[in-house]
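# Chain and residue survey
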Amino acid sequence: GARRGHAYATPEYLDRIGPPTSMADLGRADWLGFDRTPVMRDGLVAMGVPLPMDAFPVVVSHHVAQWALCCAGAGIGMMMEEVGDPEPRVVRALADMPPFPVPMWLVCHRELRTSRRIRVVFDALADALSAGGG
């Protein structure tokens, strides 16, 4: 399944760069990246955000650390809406930016597949997560 993600930043950060009113305006922001691959940049460019190659000056592979940087005003970060929307320190960077899918994987160790108790819980989680909009 997949959840919906959005770009978030602190209001102070958005004021500092000039509040974005279009996808093109997001091109002047610093984005928080997860790695040095072009996947995220290419996806944003395809959505209409004209990002230069150096648009990700901060790369942090740990999601919690990256979210803390976003909430502290270091740049624009991506987060699932159920985490980002209720967070009082940030707002969506551009209100009408289309959401992006956030894939979700439910995994367990292969040896646990033989346990009936684990299988029942695993199946219940899979059903609940897929019914939740994913």
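All figures in this text were calculated on a predicted structure; none of them were measured in a lab. (Residues numbered from 1 in each chain as written. Predicted model: local features only at pLDDT ≥ 70, side-chain atom pairs only at ≥ 80, totals over all residues. Heavy atoms only, no water.)

Before going further, it helps to examine helix α3 (residues 63-71). At 3.6 residues per turn, the α-helix brings residues three or four places apart onto the same side. Within the span of α3, buried status applies to Gln66, Trp67, Cys70 and Cys71. All buried residues of α3 lie within an arc of 140 degrees about the axis, which places them on one face of the element. Gly73 lies just past α3 and shows a positive phi near 95 degrees. (Buried < 20%, exposed > 50% of the residue type's maximum accessible area, 1.4 Å probe, protein only. Helix = DSSP H or I, 4+ residues; strand = E, 2+ residues; numbered from the N terminus. Arc of directions from axis to C-beta.)

We now examine the confidence of the model for the protein chain. Here the protein chain shows a mean pLDDT of 88. Residues at 70 or above account for 93%. The spread of mean pLDDT over the elements of the protein chain runs between strand β6 (residues 100-103), the lowest at 75, and strand β5 (residues 91-92), the highest at 98. (pLDDT = per-residue confidence, 0-100.)

Another aspect to go through is the pattern of salt bridges. The tally for this structure, following the rule as stated, stands at eight salt bridges. Two residues, Arg28 and Asp25, come together in a salt bridge whose shortest N-O distance is 3.3 Å. Residue classification places Arg28 among the partly exposed positions, given a relative accessible area of 41%. A salt bridge links Arg119 to Asp123, with the shortest nitrogen-to-oxygen separation between them at 2.9 Å. Residue Arg119 and its partner Asp123 are both found in helix α5 (residues 116-131); the two are separated by four residues, about one turn of the helix. Exposure remark for Arg119: the relative accessible area of 34% places this residue in the partly exposed category. Since its relative accessible area comes to 32%, Asp123 is described here as partly exposed. It is possible to trace a salt-bridge network through shared partners that takes in Arg4, Glu81, Asp85 and Arg92. (Salt bridge = Lys/Arg side-chain N within 4 Å of Asp/Glu carboxyl O.)

Moving on: the nonpolar core. Core analysis: the largest hydrophobic core is formed by 21 residues, its most contacted members being Leu26, Trp31, Leu44, Val49, Ile76 and Met97. Elements with a contribution of two residues or more to this core: β1 (2-9), α1 (11-17) and β6. Ranked by residues supplied to this core, first place goes to α1 with three residues. Those residues in contact with Leu26 that lie beyond four places of it in its chain are Pro20, Trp31, Val49, Leu51, Ile76, Ala93, Leu94 and Met97. Formed by seven residues, the second largest nonpolar core is a distinct cluster that contains Leu32, Cys70, Cys71 and Met79. (Core = buried A, V, L, I, M, F, W, Y, C linked by side-chain atoms within 4.5 Å. Contact = heavy atoms within 4.5 Å.)

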